[in-house]
Amino acid sequence: MLTEELRAEVARLKRERGAVVLAHYYVPTEVQELADHVGDSFALASLAATLPASTLVFAGVRFMAESAKLLSPDKTVLMPDASADCPMAHMVRRETVDAAREKYGDDLAVACYVNSTAEVKSWSDVCVTSSNAVRIVSALPQRNVLFIPDRHLGRYVAGQVAEKNVILNDGFCPIHQAISADEVRALRDSLSGAPVLAHPECGPEVMELADVAGSTSQIVEAAAAGEARDYIVLTVDGVRGELERRCAGMGKRFHFPPTRPVCPDMERITAEGVAACLREGSGEVGLPPEEVAVPARAALARMLELGASR
Ligand code: 13P
Ligand code: SF4
């Protein structure tokens, strides 16, 4: 629980360590309250690369903290719970990448969703997030693009860039994939006219019902800019905190699917966990071996170059 004492202790420890706390929109609200910056994956990766702080506490899952370390190898990166991992990050096999490279040669680019391990990134030419995947894939010089690991984001991108041959892998986010088109239709019927804002990790039948598809930040922006009073939000419930902050005083209401989407790995991050890693310097994220770190960093750096504007 976030007490005033804990809040004061975290503020003191941050000053003493020269630390900055970065939090993803999906972590519990009490953790977001302790953060210096709250954002989507792309915003947090950009901040990790540019912030002058010597220590970053990454309140998110492992691939996010690992990306921060790759982009800022001289910084100390701490995770409040080092076991918080995204299952999708592991859902691609090296053979899939090798087979595509063998088949298409130089006319293939491997585009890797940041929700992936450092090793998976090291097999890739460029990273993307849900906020910039369409733009980056369409800017690639190759016609053939192997999109890993997420089949749903890959399919969504393929639909937006008809000029490319996007080859899909079979990874997925279990939380977004579990949102069903039937529950979305039922919500829409009970809230006539409410725009459907969906994260492109949702399955294809759900995406067909979406009025807006985008990253967590883009969903928040769409709700803040929209004229409607009710919004159907198809992503992890943690984003509710930012929706309420951004739309405070506007009288807007946000409706999530009844089978409340929660990411169990993001839920592992607690206020006490943030305090403990600042106190003890625990949960430090190391660099992978050079043969992984160098190409993985290059794929991330290329994303930051190509995806600079959201
Ligand atoms: P964003 O890139 O939209 O922040 O999403 C990250 C994520 O893990 C989605 O499940
Ligand atoms: Fe991974 Fe899904 Fe959790 Fe995002 S919501 S971190 S994709 S498991």
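It should be noted that the structure appears before, not after, this text.
Residues numbered from 1 in each chain as written. Chains lettered and ligands numbered in written order. Predicted model: local features only at pLDDT ≥ 70, side-chain atom pairs only at ≥ 80, totals over all residues. Heavy atoms only, no water.

Participant: Whenever I open this one, the site of ligand 2 confuses me. Can you help?
Facilitator: Lining the immediate environment of ligand 2, one finds Tyr 26, Cys 86, Pro 87, Met 88, Asn 115, Cys 173, Ile 175, His 176, Glu 201, Val 236 and Cys 263. Taken atom by atom, the bulk of ligand 2 overlaps the largest cavity. Looking at the shell around ligand 2 residue by residue, the classes come out as 8 nonpolar, 2 polar and 1 charged. (Near = heavy atom within 4 Å. 1 Å grid on protein atoms, 1.4 Å probe; cavity = no way out; pocket = protein on both sides within 12 Å on 5 of 7 lines; lining within 4 Å. Sits in = over half its atoms within 2 Å of the grid points. Nonpolar A, V, L, I, M, F, W, Y, C, P; charged D, E, K, R; others polar.)

Participant: Help me out: how do you make sense of the site of ligand 1 in this one?
Facilitator: Around ligand 1, the surrounding shell consists of His 24, Tyr 26, Asp 40, Ser 41, Asn 115, Ser 130, His 176, His 199, Glu 201, Ser 215 and Thr 216. A distance of 2.6 Å separates an oxygen atom of ligand 1 from a polar atom in the side chain of His 24. At 2.9 Å from an oxygen atom of ligand 1 is found a side-chain nitrogen or oxygen belonging to Ser 41. Here ligand 1 has 300 Å² of accessible area as a free molecule, and 96% of this is covered by the chains. The pocket occupied by ligand 1, as judged from atoms lying within 2 Å of grid points, is the largest cavity. (Polar contact = N/O pair within 3.5 Å; in protein donor to acceptor, adjacent residues only side chain to side chain. Areas by Shrake-Rupley, 256 points an atom, 1.4 Å probe, with all protein chains shown as cover.)

Participant: I'm lost on the nonpolar core in this one. Help?
Facilitator: Side chains of a nonpolar character, in soluble globular proteins, are inclined to be buried together. Ranked by size, the top nonpolar core spans 74 residues in total, and within it Leu 22, Leu 56, Phe 58, Phe 147, Val 274 and Met 303 carry the most contacts. Among all residues touching Leu 56, those that are not within four sequence positions of it are Val 20, Leu 22, Ala 48, Leu 51, Ala 68, Lys 75, Thr 76, Val 77 and Leu 78. Counting residues in each nonpolar core, the second largest holds 14 residues, with Leu 191, Ala 194, Val 196 and Leu 234 among its members. (Core = buried A, V, L, I, M, F, W, Y, C linked by side-chain atoms within 4.5 Å. Buried < 20%, exposed > 50% of the residue type's maximum accessible area, 1.4 Å probe, protein only. Contact = heavy atoms within 4.5 Å.)

Participant: How do you make sense of the sheet that holds strand 10 (residues 212-213) when you look at a structure like this?
Facilitator: Each strand in a sheet pairs with its neighbour through backbone hydrogen bonds, running either in the same direction (parallel) or in the opposite one (antiparallel). With respect to topology, 4 strands assemble into an open sheet ordered 10-9-11-12, the strand pairing being parallel. In this open sheet, the two strands that pair with only one neighbour each are strand 10 and strand 12 (253-255). Here strand 9 (residues 196-198) pairs with strand 11 (residues 230-234) via 3 bridges, running parallel. Its bridge partner lying in strand 11, Ala 198 is registered against Leu 234. Of the strands in this sheet, strand 9, strand 11 and strand 12 are in contact with helix 10 (residues 181-190), which crosses strand 11 at around 175°. Seen against the sheet, helix 12 (residues 216-225) touches strand 9, strand 10, strand 11 and strand 12 and runs at an angle of roughly 160° to strand 9. (Pairing = 2+ DSSP bridges. Helix = DSSP H or I, 4+ residues; strand = E, 2+ residues; numbered from the N terminus. Axes fitted to C-alpha atoms, helices over the stretch in contact; angles between N-to-C directions.)

Participant: How should the pairing of strand 7 (residues 144-148) be read in this particular structure?
Facilitator: The two faces of the sheet receive side chains in turn, since in a regular strand these alternate between them. Along strand 7, 5 of the 5 residues are buried, which leaves the element largely enclosed by surrounding structure. Residue alternation in strand 7 divides its side chains into two sets, Asn 144, Leu 146 and Ile 148 and Val 145 and Phe 147, and both sets are buried. As paired elements, strand 5 (residues 108-113) and strand 7 share 5 bridges and run parallel to each other. Paired with Ala 111 across the strands is Phe 147, a residue of strand 7. Two strands pair when backbone bridges link them, and strand 7 and strand 8 (residues 165-168) are joined in this way by 4 bridges, in the parallel orientation. Within strand 8, the residue paired with Leu 146 across the bridge is Ile 167. Handedness of the strand 7-helix 8 (residues 151-160)-strand 8 crossover: right-handed. (Right-handed = clockwise from strand over helix to strand, strands pointing away.)

Participant: Would you take a moment to explain the sheet that holds strand 5 for this structure?
Facilitator: If you walk across this open sheet you meet the 4 strands as 6-5-7-8, and the pairing is parallel. Only two strands of the sheet have a single neighbouring strand rather than two, namely strand 6 (126-128) and strand 8. The mean angle between the axes of side-by-side strands here comes to 30°, regardless of whether they run parallel or antiparallel.

Spatial relationships are all this shows, so hold off on functional conclusions.
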